[in-house]
Structure formats: C-alpha cells, structure tokens
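Listed here are the chains, written in short residue letters.
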Amino acid sequence: MDLLDNLNPAQRAAVGAPPGAILVVAGPGSGKTRVLTHRIAYLISAMHVSPWHIMAVTFTNKAAREMEHRIEQLLDGRPQGLLMGTFHAICARILRREVDNLTHYQRDFVIFDTADQLQVVKHVLAELNIDNKKFPPGKMLNGISSAKNDLISPAEYTATNYVSEVTRRVYERYQLTLQANNAMDFDDLLMNTVLLFDERPDVLAKYQERYRHILVDEFQDTNATQYRLLRQLAGEQNSIFAVGDSDQSIYKWRGADYRNIQNFYRDFPQSQTILLEQNYRSTQVILDAAIEVIRRNRDHIPKKLFTERPGGSKIIIREAYNESDEAATVVNTIESLMLQGYNGNAFAVMYRTNAQSRAIEEAFVQAGIPYRLVGATQFYQRREIKDIIAYLRLVHNPLDAVSFNRVINTPMRGIGQQTQTQFAAWAAALELQPGEALVRLATDPDVQHPFNGRAYSALYAFGGLFAGWLALRDRVSVGDLLDAILEQTNYRAYLEDGTEEGEERWANVMELRSVAEIGGDIALSDFLEQVALVAETDNLDHEAQAPTLLTLHAAKGLEFPIVFITGLEEGLLPHSRSMDSEDELAEERRLFYVGLTRARDAVYLSHAFRRTSWGDSSVAVPSRFLADIPEEFIDGQRPSARRRESIDRASTWDTGRKSWNNNQARQQTAWGDHERRSPARPEQARPAESRLPEPYSRTEEPRADRPANPNFKTGQKVRHGKFGEGTVIESKITGSDEEVTVAFPGIGIKRLAASIAGLEAVG
DNA sequence: ACCCCTGCTGTTTTT
DNA sequence: CAGCAGGGGT
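Residues numbered from 1 in each chain as written. Chains lettered and ligands numbered in written order. Predicted model: local features only at pLDDT ≥ 70, side-chain atom pairs only at ≥ 80, totals over all residues. Heavy atoms only, no water.

**Re the overall build of chain A**
Applied cut-off: Going along the chain from the N terminus, every DSSP run of H or I of four or more residues is numbered as a helix, and every run of E of two or more is numbered as a strand. Throughout, exposure labels follow a simple rule: accessible area from a 1.4 Å probe, protein chains only, divided by the maximum for the residue type, with under 20% read as buried, over 50% as exposed, and the rest as partly exposed. What makes two residues a contact is simply this: any of their non-hydrogen atoms within 4.5 Å. Reported accessibility uses the Shrake-Rupley method at a 1.4 Å probe radius. Residues are deemed covered only where the shown protein chains occlude them.
Within chain A, the regular secondary structure consists of 27 helices and 24 strands. For chain A, buried positions account for 58% of its 763 residues. In chain A, the share of contacts with a sequence separation of at least 24, taken over all contacts with a separation of at least 6, comes to 75%. Element-wise, carbon and sulfur atoms account for 48% of the exposed surface of chain A, whose accessible area totals about 33000 Å².

See below:
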C-alpha cells in the first residue's frame, strides 16, 4: 500500500502518525484535505481500523461528500460504516437515535432554522410583554445563540445589565417554547448532544466505544460546545486528529474560538503537533503578500510558509469610481482573460457582504456572461418553499406551532386573526399544542369548544384535511404526501395569480417536489433534516463554466486560479461593525487573508471612490489592509498615492455615468488598461496582465443573435450541457441578452445567459 | 377578514 | 432601498 508515497515529509508524518492526539497546523493550500483523506484511508487499510470506528467532522456537507469520494478512490470502494458530516448533521443523527434518552423531546423532533427561531422569539416577546422595538428579536437571538455556543443554560445565564436580564428571561421562555414545539434550533443540536453525554455516561460510553478515531477539519472554527463534544467523545482512550489554522479562523461571531487550539495542548498533553508549511496552491508573490497581511495581527504565530511556484504576476490594485464601475471593471477583466483562454470557472469574485453582489451581478448580466452566485436569496427561504416545508413539518411533528401558525390560514381559508387568537387560547386551555388541538376539534365530536358557525366550519374543514395527512404520513412517499397537500389546499391556484411571479413561485414548489422525488424512498424525517441542514455552498459545483460570486466567508476551503476581492474600503473590509475592537479587526484581516490565499495565479483587488450604501452614496476610504501589502508585490500605484488623482477625477466622473441602462458600463476600464478608454468594443480590451501563467484551452462558445423576445418560457423544460434537465422559472431580456433562470432538480436554481449557456428546449 | 398604504426600521459574516 | 408592522379603509 503506497498511501504514504505521494506525500511530503510533514504530510507523511501526519498521515502515518501512531494513534493518539494529533494536531495538524495546516497553512492555506498545504494539502489538508489530502492529509485527512489519506489519514482515514491509512487507518483503514494500514492500521486495520474498521471504518465503523471512525468519525470525521467537516465544516460543510460538501466537504464531507468530497472527502468521502476521495477516500473511496483511495480505497477502491466505499468504506462501510464510516461516519462523516458536519457537527450539526452528526449531532442530529445521534439525537435522533437517542431520542428516548432525551428529557424534553420525543421522536420526530424538527429543526428550526433562523426564520423559525425569529418567530419563536417574537412570540416569546409578546408573551412576556417586552417591547420588540427596544429589544429587537434578532439581537435577543444572538444573545441566546452565543449562550448556547458557550454551553450556558438559561439557569446558568448570569445577567450583568438590564439588556442581558431581559435576554435571560427571553432565553428561558424561548427554550421552553422550543421544547413544547418538539423542535431544536441549530445550536440545540450541539448543546443537547453535549448535555445528553454529560447526564448519561452510559450513552456517552457507547459512542466512545464506537468512535475510537475522531478527525476534525477546520478545527480553528469550533466553538466551546463543539470542543466539549470532541473531548467527550475522545475520552481517555480515543484518538483525535484535528486539522486547523488559527489564521483562517473567521467565525468568531458564530461562537468559534481558535483558542481551542491552545486548549487542545492543555487537554491533550501527550499530543503531537505537525506543521504543514508547504503551499501547493499559490505563487510566491501571492503567498508573500498574504503573509505580510496576516503577520500584522498581534496574536499571529509566524509560520514558515513556502511555495515552489516562484514569482508570479503581481497583485493588481485598482480604484473604481463607484460600485457599478468597479463591477464593470471586474467583468471586463474577466471577459478579456476569457478571451485569452481562461475558462469561466477559473474566476471568483469575492466581497464582504452579500449586498455587494448586486452590482456585480448586474454587470455580468449586462455583459451576457453567466455566473454562479453563492448564498443570497436562498431557495429554502422563499415564501412558497417555507410554506410547503411548514406543511410537511407539521404533519411530521404536530407539536410544531411555528409551522402551524404559518399554514393555518395559508392559503387563506377564512381563519382570521380573531379566530386564530381564540384558537390559540383554547388550545392552551386544553394544554395542547395547536396542531393537536386542531385534530381534536376535527375528530372528537364531544369536545367542548367556543367556535361558532363560520369559524368552526373553517377550522373543522382544515382539521379534517390535517387528520387525513397524518393518516397518510407513514403510508405514502414524501412526494405523494406533498401532492396530497398541494391538491387539497389548492395551493397552486393560490400561487398562480396571473403574474409572472406567481408562475415562478409554482415552479419553485415543483422544484422542491423534485428534490423529494430524487431522494427516492426518503423518509419524511430524513427529507426534512436534509432540507434543514443544507448550506448554500454545498451545492457549488465546479463543473459549471462560470465565474463564482461569493462572500469571503463562503470562500473558505475553496481555490480558484484568479481571485477578485472587491470593496476594499474602510467600513466594508474591515467592516464598520468590527472597527472598534482589535479582536474583530484581527478577524477582518484574517478574512482578507483567507480571500488572498484562495488564489492560485493572480489576485485583483479593488475599491471604489464612491460607494452607495442604502440610500445615498458617499466617498469611501481605501482599506487599511491595502497598505499592508508591500509595494514590491503590487502592480501599479498604492491607493494612498492615487488618492489625490482620484479626487481630481471625481468631477469628470460624476457626469452621465450613473445609469446602468446605457451602455457606458461596458466601455469602462478593465484592469491593465488603467486609463479610461474612449468607447471601444470590449473585444479590444488589452490583455489584463501579460505575466499571467499559461492560459487554459479556449472554450469560447459562439454567441447567438441577440433576441428581441424571450426564446424560453416559464415552465418550459430545457436541457443544459452540465446541469441536465430543468424547468425554466423565468426568462427575460436584459440589455443585450436573454437571461434564463432555470431550476435544475438536485442542483439548484441557476441564472444563465441564453447565448452562452447553450440551453435546448426539451419535449 | 382582508387589502393597501404608510412610515418606520435596520442592514456582516451562516450551520 | 428593502421588509415589515400597524393602522385605516373596504
């Protein structure tokens, strides 16, 4: 077995290390996924550990799938019994199995997402008579979440001021409400697992016995609860293999604490540390620039990162006039690099906040280049999708009052606010959750109730439907259950109001249905769990030939030949909310570091002279992080030197360049073509950077004629070379091209430019 | 019971 | 410039 052959000495030391506590400090691009997968394969094939005894925790579901796939290749087959997934997914599975040992939960508990949590908090605030203006639900939720991340129960929560005293009360009630709903939020999945293990050493022993080898990816982003869980599972006997890099810790706001790396030394004194310092990804220039940035952080521990890719093109920094100019410049540059032969998927455009994606998207649409957007309006957050999931969840778990409230009068069936309030009071008097009470009303002829003719018949009718679905639940597939619900609620008629938006919404529902269908015989509980725990980055496939737009956070763990980081301005990166604390500032710098180190060949940094944030536009100051990059790694002038010039030019810029609809945007500058050009066709753009490495093979597709009317219609079935068959959700003419939004079952919603995507109609 | 209008608010990152 | 809560009108 030559599992150790293709590794460098440090990697080999990690992969072949004897069992025990091992901490791998892995710099960016140092092959940590390689080390993890080889370690698992090595355990199985060389050390004869049964896959059954291995648990591997990853940061995203996608990382888990990828690793599983690579291990399969290494071992020539799928290891049976290997547990791999995110902390959340693994905990959900454990809790599902141990549900009989949980004090406050019963089988079929559901997972509440952020929107559901907000509903609960609002409800609690109302119950407690707390002004939701003075105590915004979101803030309360943050307080609750950080308590849970630190494993602090409501009883242990100590209030130091009035706000935290209110938080404590809300937390207490919130937790009781979740339990009454038989629901857990994301944090509960972790916390309840830890609490279960604390209370039930026998249960913990079972898992310790089973999972003798624990591997953790992205260890620097574990929070206190997760770390505690790892320690519990590791116990005195088991092996723990943690891989992380404190310089890439960017989830402090979510409770992550990279000091867990120090805790690891403390709690596992026998541990062995292995440093992975060779970078296989970036050029020397990029790596050096990144090191210069990160070493400015006070608590940064210097590493000796090196690469065998000397030189490389310098980092290009450009100032744009405003965000649309910036976006157009990015897109222009991508366009000319594509003409040089780069594939679309070589590019990533990164930004600090999701809101920034909009200007960039518009520039892509304008240029007729398809792109992939990570995050933003998530499919599962759409109203209609949440409605349908609420129906399914309520049928799965009739105790779920949040879902109940969502569907009780959706579509409208004459159960108004008045009736709902009355109903809630009645259910409370019976000590039933609303779903239970409704079933009682519809099935128990002797039950006492206060409802009169009109309200009663509406409630009775809906209760009848609901009872029917409950009876159906265990007998039919998720898809069939969904169909029954859709049909009996007339949901389609409710959505289709004749507008395009209505059509789109129905198409989304059909897309959800196809997700259920693809799962085959998937159980309702598994379906709901899957839907609750998916992350947007999970669906990122590198096959699509399009640039990727994503936040710096979402970029973690990924790599691209060419990386654009936009909005390098004070207040954005570093973000304004982080500027008055050194800790948070350090995290912003790490975020920038993560972005830089995603790049293989080239980095483009940009900032705007003016930026429009909600409402009006104001002059932006270039980010302090730009000054961290030494002159020798930069192509062009540093922002401070160009400051004067840009102010001089502001008066020229300020005329007639604001509109997106005229063709101005496409005539604006690309990088490497620094001065403004007179109107020219984009094809004439000069190559952005002549020192770029060898381009990839050219795969330019001929563009179709610009359509005057859409060739595609909502609801139409189409086929795409990479994504397969899908349903058109929307199609519209934008500027020079037709923009088609298509739902591909199992892949997701893609927005495509018809001329480039090569869509064909099916059927 | 439902619709529409207004005026207010709050805007980081996500499993 | 959202998205939403609350109020007033139908």
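**Describing the sheet that holds strand S8 (residues 272-276)**
Two pairing modes exist for strands in a sheet, parallel and antiparallel, and in both the strands are linked by backbone hydrogen bonds. Formally: Only when DSSP finds a minimum of two bridges between them are two strands counted as paired. Between N-to-C directions, angles span 0 to 180 degrees; the directions come from axes that are lines fitted to C-alpha atoms, helices contributing only their stretch in contact.
If you walk across this open sheet you meet the six strands as S3-S2-S6-S7-S1-S8, and the pairing is parallel. The sheet is open, and its two borders are formed by strand S3 (83-86) and S8, each paired with just one other strand. Pairs of neighbouring strands in the sheet enclose a mean axial angle of 15 degrees, with direction left out of account. By the bridge criterion, four bridges tie strand S6 (residues 213-216) to strand S7 (residues 239-244) in an arrangement that is parallel. When the bridges of S7 are listed, Ile 214 appears paired with Ile 240. Along the sheet, helix H10 (residues 224-234) contacts strand S2 (54-58), S6 and S7; its crossing angle with S6, the most-contacted strand, is approximately 160 degrees. In the packing of helix H11 (residues 260-267) onto the sheet, the strands contacted are strand S1 (21-26), S7 and S8, and the crossing angle to S1 comes to about 150 degrees.

**Examining the side chain of Gln 232**
For Gln 232, the position within the fold is in helix H10. Among residues more than four places away in sequence, those in contact with Gln 232 are Val 194, Phe 197, Asp 198, Leu 204 and Gln 208.

**Notes on the pattern of salt bridges**
Spelled out, the test is: Throughout this description, the term salt bridge denotes a Lys or Arg side-chain nitrogen within 4 Å of a carboxyl oxygen of Asp or Glu.
In the structure shown here, the tally under the stated rule is 46 salt bridges. A salt bridge links Asp 245 to Lys 303, with the nearest nitrogen and oxygen atoms 3.0 Å apart. Separated by 58 residues along the polypeptide, Asp 245 in the loop between S7 and H11 and Lys 303 in the loop between helix H12 (284-294) and strand S10 (306-307) bring together distant segments of the chain. Relative accessible area serves as the criterion here: at 2%, Asp 245 is assigned to the buried category. The partner of Glu 588 in a salt bridge is Arg 352, with the nearest N and O atoms 2.6 Å apart. Within this pair, whereas Glu 588 is found in helix H24 (residues 582-596), its partner Arg 352 is found in the loop between strand S12 (347-351) and helix H14 (357-367), the two being separated by 236 residues in sequence. The residues Glu 588 and Arg 352 share a single accessibility class, namely buried.

**Describing H12**
Most of H12 is tucked away, with eight of its eleven residues classed as buried. Buried within H12 we find Val 285, Ile 286, Leu 287, Ala 289, Ala 290, Ile 291, Val 293 and Ile 294. Where H12 is buried, its residues meet strand S9 (278-279), S10, strand S11 (315-320), H24 and strand S16 (599-608).

**Quick word on the nonpolar core**
Heads up, the rule is: Only buried Ala, Val, Leu, Ile, Met, Phe, Trp, Tyr and Cys residues count toward a nonpolar core, and they belong to the same one when joined by side-chain atoms within 4.5 Å.
Core analysis: the largest hydrophobic core is formed by 65 residues, its most contacted members being Val 170, Tyr 174, Leu 189, Phe 197, Phe 219 and Phe 264. No other element matches the seven residues that helix H4 (residues 87-97) contributes to this core. Look past the residues within four positions of Phe 219 in its chain and what remains in contact with it is Leu 23, Tyr 227, Leu 230, Ala 242, Val 243, Gly 244, Asn 260, Ile 261 and Phe 264. Leu 392, Ile 415, Phe 451 and Leu 481 belong to the second-largest nonpolar core, a separate cluster that totals 47 residues.

**Overview of the sheet that holds S11**
Ordered in space as S13-S14-S12-S15-S16-S11-S19, the seven strands form an open sheet in which the pairing is parallel. Edge positions in the sheet fall to strand S13 (372-373) and strand S19 (634-635), since each has one partner strand and no second. Bridge analysis of S13 against strand S14 (residues 548-551) gives two bridges, and the strand direction is parallel. If you follow Leu 373 over to S14, its bridge partner there is Leu 549. Helix-sheet contacts for helix H13 (residues 323-339) involve S11, S12, strand S15 (560-565) and S16, and the interaxial angle to S16 is about 155 degrees. Its contacts with the sheet put H24 on S12, S15 and S16, and the angle it makes with S16 is roughly 130 degrees.

**Some points on the packing of aromatic side chains**
Definition in use: Aromatic pairs are defined between Phe, Tyr and Trp rings, using the six-membered ring for Trp, whenever the two ring centres lie within 6.5 Å; interplanar angles under 30 degrees are classed as stacked, those over 60 as edge-to-face, and all others as tilted.
For the structure shown, the criterion picks out 24 aromatic pairs. For the ring pair Tyr 342 and Phe 347, a centre distance of 5.9 Å and an interplane angle of 55 degrees mean the geometry is tilted. Across the pair, exposure class does not vary: Tyr 342 and Phe 347 are buried alike. Both rings, one in Tyr 491 and one in Tyr 494, keep their centres 5.3 Å apart while their planes meet at 55 degrees; by these two values the pair is tilted. Linking Tyr 491 with Tyr 494, this pair stays in helix H21 (residues 491-495), spanning three residues, or about one helical turn. For Tyr 491, a relative accessible area of 0% translates into the label buried.

**Thoughts on the pairing of S12**
With respect to burial, S12 is a largely interior element, five of its five residues being buried. What you see with S12 is no split at all: Phe 347, Val 349 and Tyr 351 on one side and Ala 348 and Met 350 on the other are buried throughout. In this sheet, S15 lies alongside S12 in parallel orientation, the contact comprising four bridges. When the sheet's bridge partners are listed, Ala 348 is paired in S15 with Val 563. Inspection of the sheet shows S12 paired to S14 by four bridges, in the parallel sense. Directly across from Tyr 351, in S14, lies its bridge partner Thr 551.

**Side note on the confidence of the model for chain A**
Spelled out, the test is: A score from 0 to 100, pLDDT tells how confident the predictor is in each residue.
Predicted confidence across chain A gives a mean pLDDT of 82, with 82% of residues reaching 70 or more. Confidence drops under a pLDDT of 50 for residues 644-669, and excluding neighbours within four residues, the segment shows 49 contacts in the predicted structure. In this model residues 672-708 is a low-confidence stretch, pLDDT under 50, and it forms 77 contacts with partners more than four residues away in sequence or in other chains.

**Here we look at the pairing of S1**
Of all the six residues making up S1, six are buried; the element is thus mostly covered by neighbouring parts of the structure. Of the two faces of S1, the one lined by Ala 21, Leu 23 and Val 25 and the one lined by Ile 22, Val 24 and Ala 26 are each fully buried. Here S1 pairs with S7 via five bridges, running parallel. Looking at S7, one finds that Ala 21 is bridged to Ile 240.

**As for the packing of helix H5 (residues 114-127) against helix H6 (residues 137-149)**
Threshold: Relative orientations are named as follows: roughly parallel for angles under 35 degrees, roughly antiparallel for angles over 145 degrees, roughly perpendicular for angles from 65 to 115 degrees, and oblique for any other angle. Under this grouping Gly is polar, as are all residues other than the nonpolar Ala, Val, Leu, Ile, Met, Phe, Trp, Tyr, Cys and Pro and the charged Asp, Glu, Lys and Arg.
Relative orientation of the contacting elements H5 and H6 amounts to 105 degrees, with a least axis distance of 9 Å. With respect to their mutual orientation, H5 and H6 come out roughly perpendicular. For the pair H5 and H6, the contacting residues are Thr 114, Gln 117, Leu 118, Val 121, Lys 122 and Leu 125 in the first and Pro 137, Gly 138, Met 140 and Leu 141 in the second. Across the contact of H5 with H6, the residue classes break down as six nonpolar, three polar and one charged.

**Points about unusual backbone geometry**
Residue Thr 410 is joined to Pro 411 through a cis peptide bond whose omega torsion reads -5 degrees. In this structure, Asp 108 is a non-glycine residue whose phi angle is positive, near 70 degrees. Mapped onto the secondary structure, Asp 108 falls in the loop between H4 and strand S4 (110-112). What makes Asp 108 buried here is its relative accessible area of 15%.

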